[in-house]
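Commentary on secondary and tertiary structure
Residues per chain, in single letters:
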Amino acid sequence: MHEYELQVDPHRAGQGPETELRSLLLWLKEDESLRRDVRGRIRSGEPTPTPTPAPAADGTPMGSPGFDLLQLAVGSGLSAGSLLFAVLQWQTSRRRPPALTVRRGPYEITLTGDEAADPEGLRRIVAALENGSGDEDGADDGTA
C-alpha cells in the first residue's frame, strides 16, 4: 500500500476545497481501473494546534477547521502514473480546475492541470511519486 495526501489550493478551489475533494474521490471510485485499488477519506488537514495560528493572506487562520485533505491508500498493484492520469483527467473535467498538491512521504508536487501537456514533466512527476525522486534511477534531489 502506498499513502498519498491531496489538498486543493483554497484560493483556486471553484466550489471550495471540501466539495472539490469529494468530487475527486467520487471520480476515482467511479474509474473502473482504479476502484479496487484506491481507498480514500476526506478529513481536516489542520496541523497540530498552535497557540496563535498565523493569518493567511485573506485574514483567516491557516489550517482553519474544515475538510480539506484527501487521504488515499493505493494498492501496490496500481502505479503512480495511473493515479496521476486519473487526477489530471479529473482536473481537466472541472470548469475551473483547482490546483492540487499531491504528497507521498516527504515529496510534494503541485498539479495545475497544465502538466497533461508536458510528457517530460509527467515522466519526472511519476518518477518522483514512484521512486521518491525526480529521476528514473532515483539519483536526483527529489524535486519534480
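Let me sum up the structure you'll find in this document. Because the structure is predicted, anything quoted here is derived from the model rather than measured. (Residues numbered from 1 in each chain as written. Predicted model: local features only at pLDDT ≥ 70, side-chain atom pairs only at ≥ 80, totals over all residues. Heavy atoms only, no water.)

**As for the pattern of salt bridges**
Condition: Definition used for salt bridges: Asp or Glu carboxyl oxygen within 4 Å of a side-chain nitrogen of Lys or Arg. Secondary structure elements are defined from DSSP: runs of H or I of at least 4 residues count as helices, runs of E of at least 2 residues count as strands, and each element is numbered from the N terminus. With a 1.4 Å probe rolled over the protein chains alone, any residue whose accessible area is under 20% of its type maximum counts as buried; one over 50% counts as exposed, and the rest are partly exposed.
Under the criterion given, the structure shown has six salt bridges. With a shortest N-O distance of 2.9 Å, arginine 94 and glutamate 20 are connected by a salt bridge. Note that arginine 94 is positioned in the loop between helix H2 (80–93) and strand S4 (100–104) and glutamate 20 in helix H1 (residues 17–30), a separation of 74 residues in sequence. Residue glutamate 20 is classed as buried on the basis of its relative accessible area, which comes to 2%. For glutamate 108, the salt bridge is made with arginine 103, and the minimal N-O distance between the two is 2.7 Å. Connected through salt bridges with shared partners, the residues Glu5, Arg43, Arg103 and Glu108 form a single ionic network.

**Let's talk about the nonpolar core**
What counts, and what does not: Only buried Ala, Val, Leu, Ile, Met, Phe, Trp, Tyr and Cys residues count toward a nonpolar core, and they belong to the same one when joined by side-chain atoms within 4.5 Å. We call two residues in contact whenever any of their non-hydrogen atoms come within 4.5 Å of each other.
Membership of the largest hydrophobic core comes to 29 residues, with the highest contact counts inside it found for Tyr4, Leu6 and Leu72. A total of seven residues in this core trace back to one element, the largest contributor, which is H2. Apart from residues lying up to four places away in sequence, leucine 72 is in contact with His2, Glu3, Tyr4, Leu6, Leu25, Leu28, Val38, Arg39, Gly40 and Leu83.

**Re the environment of alanine 116**
For alanine 116, the position within the fold is in the loop between strand S5 (107–111) and helix H3 (119–131). When its relative accessible area of 45% is taken as the criterion, alanine 116 is described as partly exposed. Aside from chain neighbours lying at most four places away, what touches alanine 116 is Leu88 and Leu122.

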